[in-house]
Amino acid sequence: MSKILLEFDKGTLLLQNYSKHNPLGLHGVQWDVRTQTFRTPAYFYRSIAMSLHQQGIPYEDHAKQFFPLTLSFKKQIPLRPYQSEALACWTKSGQQGVVSLPTGAGKTILAMFAIQATQRPALVHVPTIDLMRQWHSTMQEFFDEPIGLLGGGYHEIEHLTVTTYDSALIHIDRIGNRFGMAVFDECHHLPSERFQHIAIASIAPFRLGLSATPERADGRESILYDICGQPCYQTDVTELEGRTLAPYDIITIEVELSEAERLEYDKARSIYIHFIRAERINFGSKNGWGEFLWKSSRSQFGREAFEAYLLQKKLSQASESKLDTVWSLIQKHAGERILVFTQDNDMAYRLGNLFFLPTLTHHTKTKEREDLLNKFRTGVYPVLLTSKVLNEGVDVPEASIAIIVSGSGSVREHVQRLGRILRAAPKKRAILYELVSKDTSEYFTNRRRKQHTAYQR
């Protein structure tokens, strides 16, 4: 039998000169009638190469286009004990797996040590351009290697490269064999229908997933563990509070709707609830929301119910009392760095226009975004309003106060917003304020999003 040839082809692995009957039972390998050869997703490269090697079967590896590097640090910093534990657990897991650390606990630094340990070209995946720049800057501090950028108008591929998930998705079928190490920051994004292909189409044998909250509401974290590696280490906010992370308080403030808002809210709520009961829609089921959208689109009554749903939600999330409370809290914490979070852009801009405060949303242009963040970090702007842009990844260590005007029921979103103010600093004590409209559905939304150990002290 001729040597088996491993080849990379558009995000897949080809096995040339391999028997049509898959005699070795290699995992994931299937016969491709179009090319008359065996083919498998690229991420099975490691298990197939190891199987062939362990069984002493001769093969030629034409798939990988990377080789060992000599990666040394330009600067030396000690790992914290939990970072050392995480690195050891990841190494013990075969240098594959998901590490869960809270925001501010040094996930990026941990990744630098993991990349250095593998001594292989590495592709770091991040969800946003802001994070891409942050990782690029950190990697330049640590490694005496050119650091590539793929995304945000850049197409500079080096042995060490940072890319956005969106850009990686475009290019992975061509570059999926050029990196031996894959880092997935905020890896809870990876199991989505779009992004999982990034990991599946890469042959990288070494993989590290990083997230404060890898669990997903849809349960698809099992896909994450299949394509990135099993969970190998986890620690949470409460374990690091007061040491690595700043001590913090969470204060819930219930605010009253005005008389006019209450009348309007109760009327809208009644229409919405009447429709839900009449149609027997169960939001506790997996497809409850989809069922509501479908049924509400089929009749005038349903469309009125949907409008009523949106109205009661808007009234509870953006009441006049919340505006007054936000201003009171900003005055109370004058001199501190304050982040104000809203559920949507409309409320963020409303607050910005009312109080003449800078507002950052996904509509904000890149240069303006950088300017706003820099002025916030230096104190030129002590208050910054945002909807969801700052939920994830952006490093604003100077922030000590967060005011959540409104939000979704997502546990992840709430943990991320708390994480924005937990970077440790001398004498710092962080405070997270949650504004909840009293006697509205927002109360239950607030309860759902607090189902995390960070809120159950």
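Definitions and cut-offs
- Residues numbered from 1 in each chain as written.
- Predicted model: local features only at pLDDT ≥ 70, side-chain atom pairs only at ≥ 80, totals over all residues.
- Heavy atoms only, no water.
- Helix = DSSP H or I, 4+ residues; strand = E, 2+ residues; numbered from the N terminus.
- Buried < 20%, exposed > 50% of the residue type's maximum accessible area, 1.4 Å probe, protein only.
- Axes fitted to C-alpha atoms, helices over the stretch in contact; angles between N-to-C directions.
- Parallel < 35°, antiparallel > 145°, perpendicular 65-115°, else oblique.
- Contact = heavy atoms within 4.5 Å.
- Nonpolar A, V, L, I, M, F, W, Y, C, P; charged D, E, K, R; others polar.
- Phe/Tyr/Trp six-rings, centres within 6.5 Å; stacked < 30°, edge-to-face > 60°.
- Pairing = 2+ DSSP bridges.
- 1 Å grid on protein atoms, 1.4 Å probe; cavity = no way out; pocket = protein on both sides within 12 Å on 5 of 7 lines; lining within 4 Å.
- Points joined across faces, edges and corners; volume = space filled by probe spheres on them.
- Left-handed = near helix turned anticlockwise from the far one by under 90°.
- Salt bridge = Lys/Arg side-chain N within 4 Å of Asp/Glu carboxyl O.
- Polar contact = N/O pair within 3.5 Å; in protein donor to acceptor, adjacent residues only side chain to side chain.

Visitor: Explain unusual backbone geometry here, please?
Guide: A negative phi angle is the norm for most residues apart from glycine, just as the trans form is the norm for most peptide bonds. The backbone of Gln 119 shows a phi angle near 55°, a positive value even though the residue is not glycine. Structurally, Gln 119 can be placed in the loop between α3 (107-118) and β7 (122-126). With phi around 55°, Arg 280 is a residue other than glycine that occupies positive phi space. Within the fold, Arg 280 resides in the loop between α9 (259-278) and α10 (288-296). Residue classification places Arg 280 among the exposed residues on the basis of a relative accessible area of 73%.

Visitor: I keep staring at the packing of α9 against α10 and nothing clicks. Help me out?
Guide: The geometry of a pair of packed helices is captured by two quantities: the angle between their axes and the separation between those axes. Running from N to C, α9 and α10 cross one another at 100°; their axes reach a closest spacing of 11 Å. On the basis of their axis angle, the class for α9 and α10 is roughly perpendicular. Residue-level contacts link Tyr 272, Phe 275 and Ile 276 of α9 to Phe 292, Lys 295 and Ser 296 of α10. Within the contact of α9 with α10, the residues separate by chemical class into 4 nonpolar, 1 polar and 1 charged.

Visitor: I tried to follow the packing of aromatic side chains on my own but got confused; where do I start?
Guide: A ring pair, where both rings are aromatic, is described by two values, the distance of the centres and the angle of the planes. Applying the stated criterion across every chain yields a total of 18 aromatic pairs. The interplanar angle of 80° and the centroid separation of 5.6 Å between the aromatic rings of Tyr 272 and Phe 292 together place this pair among those described as edge-to-face. Highlighted residues: Tyr 272 in helix α9 and Phe 292 in helix α10, separated in sequence by 20 residues. Like Tyr 272, the residue Phe 292 is buried in the burial classification.

Visitor: So what exactly am I meant to see when it comes to the sheet that holds strand β8 (residues 147-151) here?
Guide: What holds strands together in a sheet is hydrogen bonding between their backbones, with the strands either parallel or antiparallel. Across the sheet, which stays open at both edges, the 8 strands sit in the order β9-β8-β10-β7-β11-β12-β6-β13 with mixed pairing between neighbours. Single-partner strands in this sheet number two, and they are β9 (154-156) and β13 (231-234). Averaged over all adjacent pairs, the angle separating strand axes in this sheet is 20°, with direction ignored. With respect to the sheet, helix α5 (residues 165-175) is in contact with β7, β8, β9, β10 (160-164) and β11 (181-185), its orientation differing from that of β10 by roughly 125°.

Visitor: Teacher, can you tell me more about the pairing of strand β6 (residues 96-100) here?
Guide: Extensive coverage of β6 is indicated by the burial of 4 of its 5 residues. In the sheet, β6 pairs with β13 via 3 bridges, with the strands oriented parallel. Following the sheet pairing, Val 99 is matched in β13 by Tyr 233.

Visitor: How should I be thinking about empty space enclosed by the protein in this particular structure?
Guide: A water-sized probe, rolled over the atoms, reveals where empty space remains. For the coordinates displayed, the defined rule picks out 3 cavities of 30 Å³ or more. Reported here for the second largest cavity is a volume of approximately 40 Å³. Contributing to the lining of the second largest cavity are Leu 123, His 125, Ile 172, Ile 175, Gly 176, Phe 179, Met 181, Ala 182 and Ser 202. Of all the elements in the fold, those that place two or more residues in the lining of the second largest cavity are β7, α5 and β11. Tallied by class, the residues present in the lining of the second largest cavity amount to 6 nonpolar, 3 polar and no charged.

Visitor: Is there a simple way to think about the packing of α9 against helix α11 (residues 300-317) in this case?
Guide: Relative to each other, α9 and α11 sit at 140°, their axes nearing to 8 Å. It follows that α9 is oblique to α11 by the angle criterion. Remark: the crossing between α9 and α11 carries left-handed chirality. Across the interface between the two elements, Glu 261, Glu 264, Tyr 265, Ala 268, Arg 269, Ile 271, Tyr 272, His 274, Phe 275 and Ala 278 of α9 pack against Phe 301, Gly 302, Glu 304, Ala 305, Ala 308, Tyr 309, Leu 311, Gln 312, Leu 315 and Ser 316 of α11.

Visitor: How do you make sense of the pattern of salt bridges when you look at a structure like this?
Guide: A side chain with one charge may pair with a side chain of the opposite charge, provided their charged atoms come close. Evaluation of the coordinates by the stated rule reveals 17 salt bridges. Among the salt bridges present, the one from Arg 133 reaches Glu 370, with a minimum N-O distance of 3.3 Å. One end of the pair, Arg 133, is in helix α4 (residues 129-142); the other, Glu 370, is in helix α14 (residues 366-378), with 237 residues separating them in the sequence. Overall, Arg 133 belongs to the partly exposed group, its relative accessible area being 30%. Judged by relative accessible area, which is 30%, Glu 370 ranks as partly exposed. Put simply, Arg 220 and Glu 193 hold a salt bridge, and the shortest N to O gap is 3.1 Å. Here Arg 220, found in the loop between β12 (206-211) and α7 (221-228), pairs with Glu 193, found in the loop between β11 and α6 (196-200); they are 27 residues apart in sequence, far enough to count as distant. Owing to a relative accessible area of 63%, Glu 193 belongs among the exposed residues under this scheme. Overlapping salt bridges bring together Asp 9, Lys 10, Asp 32, Arg 34 and Arg 39 as one network.

Visitor: I keep staring at helix α13 (residues 345-355) and nothing clicks. Help me out?
Guide: Along an α-helix, residues three or four apart share an orientation, since each turn contains 3.6 residues. Among all positions in α13, only Asn 345, Met 347, Ala 348, Leu 351, Gly 352 and Phe 355 are buried. Residues of α13 that are buried make contact with α11, α12 (320-332), β15 (338-341), β16 (359-360) and β17 (383-386). The N-terminus of α13 is capped by Asp 344, whose side-chain oxygen sits 3.3 Å from the backbone nitrogen of Asp 346. One or two positions beyond α13, positive phi appears at Phe 356, with a value near 55°.

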